[in-house]
Amino acid sequence: MAKKLSIERIIHNQGFGARKLCRIMVWNNEITVNGQPCDDPNTEFELENLSYTVKGEAWQYREKSYLMLHKPSNYECSHKTQHHPTIYSLLPHPLVVRDVQCIGRLDEDTTGLILISDDGQFIHKMSSPKHKVPKVYEVTCKHAVDEAQIAHILKGVQLIDEDAPIAALECTRISENVIHMTLAEGKYHQVKRMVAAISNRVEGLKRIQIGELKLPDDLAVGEWRWLSVDDMMKLAPK
Ligand code: URA
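Remember, predicted model here, so these are calculated numbers, not experimental data. (Residues numbered from 1 in each chain as written. Predicted model: local features only at pLDDT ≥ 70, side-chain atom pairs only at ≥ 80, totals over all residues. Heavy atoms only, no water.)

## Here's the deal with unusual backbone geometry
Working step 1: The phi dihedral of Lys55 falls on the positive side, at around 50 degrees, and the residue is not glycine.
Working step 2: Structurally, Lys55 can be placed in the loop between strand E5 (51-54) and strand E6 (57-60).
Working step 3: With a relative accessible area of 58%, Lys55 lands in the exposed category.
Working step 4: Its identity as a non-glycine residue notwithstanding, Asp161 has a phi of 75 degrees, on the positive side.
Working step 5: In this fold, Asp161 is placed in the loop between helix H5 (147-155) and strand E11 (170-173). (Helix = DSSP H or I, 4+ residues; strand = E, 2+ residues; numbered from the N terminus. Buried < 20%, exposed > 50% of the residue type's maximum accessible area, 1.4 Å probe, protein only.)

## Quick notes on helix H2 (residues 19-27)
Working step 1: For H2, the set of buried residues is Cys22, Met25 and Val26. Down the axis of H2, the buried side of the element spans an arc of 100 degrees, and every buried residue falls inside it. Exposed residues lying more than 90 degrees from the buried face of H2 are Lys20 and Trp27.
Working step 2: Within two residues after H2, Asn29 carries a phi angle of roughly 60 degrees, on the positive side. (Arc of directions from axis to C-beta.)

## Notes on the domain arrangement of the protein
Working step 1: What the domain assignment reports for the protein is domain 1 (4-60), domain 2 (66-128 + 224-235) and domain 3 (134-210).
Working step 2: Put simply, the middle of domain 2 and the middle of domain 3, counted by C-alpha atoms, are 23 Å apart.
Working step 3: With 15 residues of domain 2 at the contact, the number on the domain 3 side is 8 residues.
Working step 4: For the pairing of domain 2 and domain 3, the buried interface totals around 880 Å² over both sides, and the portion due to carbon and sulfur atoms is 47%.
Working step 5: Between Asp109 and Lys192 there is a salt bridge, and its shortest N-O distance comes to 2.8 Å.
Working step 6: Inspection of the region where domain 2 meets domain 3 yields 6 residue pairs in polar contact (both at pLDDT 80 or more).
Working step 7: Secondary-structure elements contributing two or more residues to the side of domain 2 that touches domain 3 are strand E9 (111-117) and helix H7 (229-235). (Domains from an automatic or database assignment. Contact = heavy atoms within 4.5 Å. Buried area = accessible area lost by both parts, 1.4 Å probe. Salt bridge = Lys/Arg side-chain N within 4 Å of Asp/Glu carboxyl O. Polar contact = N/O pair within 3.5 Å; in protein donor to acceptor, adjacent residues only side chain to side chain.)

Given below as structure tokens:
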């Protein structure tokens, strides 16, 4: 049988505040469900394909949240930040209440694609070293990158504190100073440390792909969107 819940519980579960507050919003006619006003907090609805509005803003019921964000520079991937605003301030408040977490952190000066979810299993799977989901970075280097440096990155560079050399899965030159680097791991400052190991220096870093999922051209810096089924398929490990 299809799962049903009262509207009070639904909007509470979706991150719109304490049960009491949600009840008051329903009483105050601030909620519509599937296009109809609803002023009884106990009215039950099937969860599948449920759409609702809260204070005029449209939402779709989601058991779990899966989203992507185009991270700007000067934002930190942490709930408790030190120097810059948190990336979570770029998301609607109900998602933050649902305790969404980013999957793998980017440095504060790194931009690009970051995944965010409140599904613990998904987060674990995507971040586990066992699954080795490849990530592609666009790296702008201080000095021109030559073939020998690319060969070195592909062969493997020795990083301090690592037992064995680490190699990029792929490394291609886009222009004199710009390379695309694909990594299987997500070690601390990995791109910056690998580029330093070839006697160069990262001046700009942007993550442009995770698995087969590319940062969409039309997702502006600072914007987020829900992951579609198609996007999720592109993240599934091969
Ligand atoms: N590697 C880095 O050095 N920084 C990032 O933010 C991501 C990968």
